[in-house]
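Chain by chain, the residues:
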Amino acid sequence: MPTDTTPPPVPGPDGAAPPAAAPAAVLWDMDGTLVDTEPSWIAAERALMGAHGATWTHEQALGLVGKALPDSGAVLAAHLRESAGVERDPAGIVDELLSAVVASVRSAVVWRPGALELLRALGAAGVPCALVTMSYRSLADAVASRVPGAFAVVVAGDEVERGKPAPDPYLRAAERLGVDPAACVALEDSPPGVASAEAAGCRTVACPHMVPIPPAPGRSRVASLTEVDLPLLARLAGGEVVDTLASDDPARPAGPARGALAARPGAAG
């Protein structure tokens, strides 16, 4: 996976109208879709637990993938209480984890395969993008600052009353962009994120990374953002459904089985 501390600037929509067939906007999840921050989240979670003599398994970490941070903080606080007899404020836990992950991102960013290339193509075509994340503003801004001008709107987890899987984050992004959610394509890597985007009415592309995302009517799935380009986004915006993870999908390239997910740590979406 590419590690860039100073990636090339991504051109943003400079007033040029997007192609007629393009989606009104592309709405990006951040953790696990745009950037691979998951190892930093799990390291912070394990450090938190270790400081209090508690353990934190890979399977437990998977249970937090895509969740709103207040929900994750509550889970972690409950685990500390039950396994180590330690009382911690969930909000304080979230602040501690965020500080660790923000520091990691400021040092280096690992971009998900195909993400920067797709951002560049969207910017050149004048298709507006929004970053829609359950991470808080401090982390969202740290990531967005690496690609100046790429995102016309950033919606962070501490700015919505209900986080993913509720539709609020995607509805807020579409509203701030001045577009119909149904005319947007959302890119997501987790079940809560996919549920949020679909509930908002967006055409949704599931690109599973940490945990599997099952097929569902109207749901597109890809193994990697390297499979996503402007023509595919136009097809999806027009109502087509593409699932390259389905074994019987004629669009699936020949070769090794697709969609096998390597086990690794994870956190918020």
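Asks: So what exactly am I meant to see when it comes to the pairing of strand S2 (residues 25-28) here?
Replies: Every second residue of S2 is oriented toward a common face, with Ala25 and Leu27 on one face and Val26 and Trp28 on the other, all of them buried. Bridge count for S2 against strand S6 (residues 184-188) is 4 bridges, and the pairing is parallel. Bridge pairing in S6 links Trp28 to Leu187. Pairing analysis gives 3 bridges linking S2 to strand S4 (residues 129-132), with the strands arranged parallel. Directly across from Trp28, in S4, lies its bridge partner Leu131.

Asks: Just to check I follow, could you spell out the environment of Asp89 for this structure?
Replies: Tracing the backbone through its elements, the reader meets Asp89 in the loop between helix H3 (69-84) and helix H4 (90-107). The exposure class assigned to Asp89 is partly exposed, which follows from its relative accessible area of 47%. Along the backbone, Asp89 and Ala78 are 11 residues apart, and their C-alpha atoms lie at a distance of 9.8 Å.

Asks: Is there a simple way to explain the sheet that holds strand S7 (residues 203-206) in this structure?
Replies: The strand order S5-S4-S2-S6-S7-S8 describes an open sheet built from 6 strands, whose pairing is parallel. Unpaired on one side and paired on the other, strand S5 (153-155) and strand S8 (220-221) mark the two borders of the sheet. As paired elements, S7 and S8 share 2 bridges and run parallel to each other. Pairing of Val205 across the sheet is with Ser220, part of S8. Helix H7 (residues 168-177) contacts S2, S4, S5 and S6 of the sheet and is inclined by roughly 155 degrees relative to S5.

Calculation rules
- Residues numbered from 1 in each chain as written.
- Predicted model: local features only at pLDDT ≥ 70, side-chain atom pairs only at ≥ 80, totals over all residues.
- Heavy atoms only, no water.
- Buried < 20%, exposed > 50% of the residue type's maximum accessible area, 1.4 Å probe, protein only.
- Helix = DSSP H or I, 4+ residues; strand = E, 2+ residues; numbered from the N terminus.
- Pairing = 2+ DSSP bridges.
- Contact = heavy atoms within 4.5 Å.
- Axes fitted to C-alpha atoms, helices over the stretch in contact; angles between N-to-C directions.

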